[in-house]
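Here are the chains, one letter per residue:
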Amino acid sequence: PVLVRQEAAQGAPLAFEVEPKRCVIPPHEHRYVTLFFNPHAMATHTGVFEAEVEHGTDPATRLLAVDLLGEGTLPHVVASVPSSTPGEGQPQLQFARVMVGRAIRRQVRLHNAGILPASFSLAMQSDGQFLCEAVEEPMSLPPNEIRMVEVTFQPSEAGDFKSALSLSVVDNAFDATQVQLSGEAFVQDVAVEGLMNGDAEGDALNYSDVGVGLAKSINFTLHNYSSTPYRFEWESLPGLTFAPGVGHLLPGAAKQVVATFLSAEPLEHDAAEVALQLTKVRYTQAETPADWDDSMTTAQWLTDAEYRLWQRDEAVAAKAAAAVRAENERIRAWNADPKNQGKPVPPPPAADEDGDEAEVEPPEGADGEAAQRSEEAASPAKRHRVVKVDPEPAYEALTDGEGDDMTARPKVFATARCAHGWLESETSSVNFKPTMMFQTRTFSFPLANTGPVAMDFAWSVAAAGPGQGHVGVSNAPFSIAPEAGTIPPGGTQQIQVSFSPEEVDSYTRRLVCACDNLEPGREPPTLALSGRATRPFCHFELSDSDYLSSGRRSPEMPGPDGSLAPLDPSTRTIEFESLGTRVRNTRRFFIVNPTNVPYEFLWESEQELRGGADVLGHRPFRCNTRKGMVQPGRKYEMVFEFTPESAETAESFWRFRIPSLKIEVPFLLAGSIAEPNVTLDRTRHNFGPRLLGQTAREVVNIVNTEHIPFAFVVDRSSFATGGPRSESMVEVSPLRGTVGPNSSLPLEISFRPTLEQRYNFNVDVSVRNKTRPLVLNLKGEGYVIHGGLLLEGGAGRPIELSPHSPTVVDFGAVHINDRVTKQLTVVNSGRYTFDASMSLLVPPSEGRRRPPPLTIVP
């Protein structure tokens, strides 16, 4: 017997518990005890765990003492707003101004800053304006993990709104945080929709970088939410046009608008306000007209005279529009000058009386009409097709107080940067060294954007001589990566040029960079490329290995002559990786004869040439094509095999020879063993307490992520508790099988305890070609119900009833209609709860005559 107890520091409350406090350990066995840590304060607790052998005499083994240390803490979750500074009181989540009916979303950051997993929930003071889908949803966070929660401000009416998002952490009544929410909503009769919110004051047309002479368009919608028609008109901004620019918005209607930025010269707008004139109108005709804007046109055929009158009217309208734009620009420039702040805008200069208006005045009187009729008679069949804007419906503007009250007007700000750019490269020519056919040489150089705007580029290979056109990348031995892309202002892109000849020749090309929006007078980057190809006698279609260059080869490995001297720099490497031992691995590659004569080849093993001791023994490497003849311009396939017997890295040195050409190439064959990636989806499982005779089942998967199947065998002796043919408390099915490539196989594990004790099993699963078996740890506990029944006996003493023999309950002599009560007590002396029920069993013969005068409650 072993007594188990724990001691706490002097004066400190008992924070540790141990169960069981007494146990019996048979020889050469072990028992588990459980230590419980129940801190009463957020402090460090210490104690001593002692296991003392009763009647022990050996001082070295009679007492086992272990120091205990535990820290009391509480789960702790910190709520913050990403844009706020931690430690400044309650976090504030301020939403930007938003129009009624729209929504703004922002995020709250929840961080588990404690060392315990934290369970928590969110609550919100619901007013319908702020929404959070995570409210009232139980959530949990592992230690030091972060979760982002989205909060939406979607107002249904105008005004200032406030709310709070409360955070409650389970098991920590002190951790109660509130995130203050605030937002402002406003109403607009006419709203701009489909644009990014530039700020709280309006929407943004963000064109970013635009090339000179290049157009960029953004689509959005104007929506009239009022019951009054509106006339809208966009004021001009240099480089910015709207289609439509003028139009009517009927009540509840929406209109698509295309804003296009196009400038023929450098220009920049930094959040410049685009004026939108909105006028409430009333139509003068009886019926409400259909929708109208200046993009609605009609094609007409005009005579010469009508066409000239139309040209005159268009010129007058264009000149008037230009005058309006010039006046708006003059007012804008005046207001933008800080010197003019607070000063009224001076009147425009007087118009020139001798202007061009005199040249476009219409003919007057009968002479003009006669001239028109004579011209029509002279050429009655000649017509000109023109497109006219449909006439605007007749309307009158409403003054303030008429119609609906005008609410806040939408504001739009335009941001664009239009400028020329330039790309620079310090490299002007690339001369490749003589390169063997089928080999590749590369050269990298930087391409820098030193201009103020982003630049697009695209490379092309051109003939070296001018006027010879461009050569496709696939038709030249030169290749470029990347062939196209975009470089931001001040950025640099590394360009790689590769020379991969397939024929013997000298090559010259030009590498030309095509880029739009170059500054006038600047030439695009151009590089002269040159390279010469030479013909090899033999080419190996074999990918390069970094086994030697990266230092992965152990310096303790001997060379071809058995010494530790450095290897020949021309040594080629062929690597093998085997998934386990005794597995045949095959490597195939081709050699190419690019000459016009055939030749024979030989593969010779350096170990065979030296007559090593392992020549007659096992050789992990084997060449299946020791000799052969390669025809001119043809390929020959080489086959090598690697079959390892041990898990150590193996090497073998070979020499490729062409005797007729006196060519020798040294080769190193390196083979390594890789553990097959076959695992269990979990390494342990606890069945928990189970009633004796009750069976619990669980499924564990064997996962194979390799490209080939693997067989496995479950070692029954590692967990079986009975004989080979007897039933075991733990059973695994199936005990053997094969896991397919990139798949999994379920193992069903059952646990049926037969003794009241704790169990611990290690199930070994041996996988073919794995050096060690997979181990699954299983735990469980068997228990029985320890219940008893006590009957109130004489003098109030309880009597324990035996389950093996009937107990006579004597109520004595009882008068009719009197009641005598005996108390029965159900006792649970075990560690697990159980349900109990009592019923009165009456013999059938007694029950047919009359029910017994006995009742049991409950």
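All of these numbers come straight from a predicted model, not from anything done at the bench.

Within the protein chain one finds four helices and 62 strands. Within the protein chain, the fraction of its 858 residues that count as buried is 33%. Considering only contacts in the protein chain between residues 6 or more positions apart, those separated by 24 or more positions represent 70%. For the protein chain, the accessible area works out to roughly 51,100 Å², and carbon and sulfur atoms hold 51% of it.

To continue, consider the sheet that holds strand β43 (residues 572-579). One open sheet accounts for five strands, arranged β43-β50-β49-β45-β47; its pairing is mixed. The open sheet has two edge strands, β43 and β47 (627-630), and neither has a second partner. Adjacent strand axes in the sheet meet at a mean angle of 25 degrees when their direction is disregarded. As paired strands, β43 and strand β50 (residues 663-674) are joined by eight bridges and run parallel to one another. Bridge pairing in β50 links Glu577 to Ser672.

What follows covers the sheet that holds strand β39 (residues 492-499). Overall, antiparallel pairing links the four strands, which are arranged β31-β34-β39-β37 in an open sheet. Only two strands of the sheet have a single partner each, and these edge strands are β31 (423-424) and β37 (478-481). Where β37 meets β39, four bridges bridge the pair, whose relative direction is antiparallel. The residue of β39 that forms the bridge with Ser479 is Ser498.

Where charged atoms from two side chains of opposite charge approach closely, those side chains can pair. Scanning the entire structure with this criterion turns up 32 salt bridges. Between Lys635 and Glu541 there is a salt bridge; the shortest N-O distance is 3.0 Å. One end of the pair, Lys635, is in strand β48 (residues 635-642); the other, Glu541, is in strand β42 (residues 539-541), and 94 residues separate them in sequence. Connected through salt bridges with shared partners, the residues Glu604, Glu606, Arg655, Arg657 and Glu664 form a single ionic network.

What follows covers the environment of Val212. Here Val212 lies in the loop between β19 (202-210) and β20 (216-224). Here the alpha-carbon distance between Val212 and Ala419, two residues 207 residues apart in the chain, equals 5.8 Å. Sequence-distant contacts of Val212, defined by excluding residues within four places in its chain, comprise Ser263, Ala264, Glu265, Pro266, Cys418, Ala419, His420 and Asn517.

Residue position: Arg231 is located in strand β21 (residues 230-234). Here Arg231 falls in the buried class, since its relative accessible area comes to 16%. With near-sequence residues (within four places) excluded, Arg231 lies in contact with Val246, Gly247, His248, Gln277, Leu278, Thr279, Val281, Glu392 and Tyr395.

Let us now look at the pairing of strand β26 (residues 276-283). Pairing between β21 and β26: five bridges, direction antiparallel. Note that in β26 the partner of Phe232 across the bridge is Leu278. The sheet contact formed by β26 and strand β29 (residues 395-397) spans three bridges and is antiparallel. Bridge pairing links Arg282 to Glu396 in β29.

With that out of the way, let us pick up a nonpolar patch on the surface. On the surface, Val809, Phe811, Val814, Val820, Leu824, Val826, Met838, Leu840, Val842, Leu854 and Ile856 cluster together into a nonpolar patch covering about 790 Å² of accessible area. On the secondary structure map, Val809 appears in the loop between β61 (798-800) and β62 (824-828). Using a relative accessible area of 36% as the deciding quantity, one classes Val809 as partly exposed.

As a further point, take the confidence of the model for the protein chain. Counting all residues, the mean pLDDT for the protein chain is 82, and 88% of those residues have values of 70 or more. Confidence over residues 362-368 falls short of pLDDT 50; this stretch has four contacts with residues more than four positions distant or in other chains.

With that out of the way, let us pick up the side chain of Ser163. Its location among the elements puts Ser163 in strand β15 (residues 159-169). With residues up to four places along the chain from it excluded, the contact list for Ser163 reads Met124, Gln125, Asp127, Phe130, Val179, Gln180 and Leu181.

The rules we used
Residues numbered from 1 in each chain as written. Predicted model: local features only at pLDDT ≥ 70, side-chain atom pairs only at ≥ 80, totals over all residues. Heavy atoms only, no water. Helix = DSSP H or I, 4+ residues; strand = E, 2+ residues; numbered from the N terminus. Buried < 20%, exposed > 50% of the residue type's maximum accessible area, 1.4 Å probe, protein only. Contact = heavy atoms within 4.5 Å. Areas by Shrake-Rupley, 256 points an atom, 1.4 Å probe, with all protein chains shown as cover. Pairing = 2+ DSSP bridges. Axes fitted to C-alpha atoms, helices over the stretch in contact; angles between N-to-C directions. Salt bridge = Lys/Arg side-chain N within 4 Å of Asp/Glu carboxyl O. Patch = residues over 30% accessible without salt bridge, like charges linked within 9 Å, V, L, I, M, F, W, Y side chains within 5 Å. pLDDT = per-residue confidence, 0-100.

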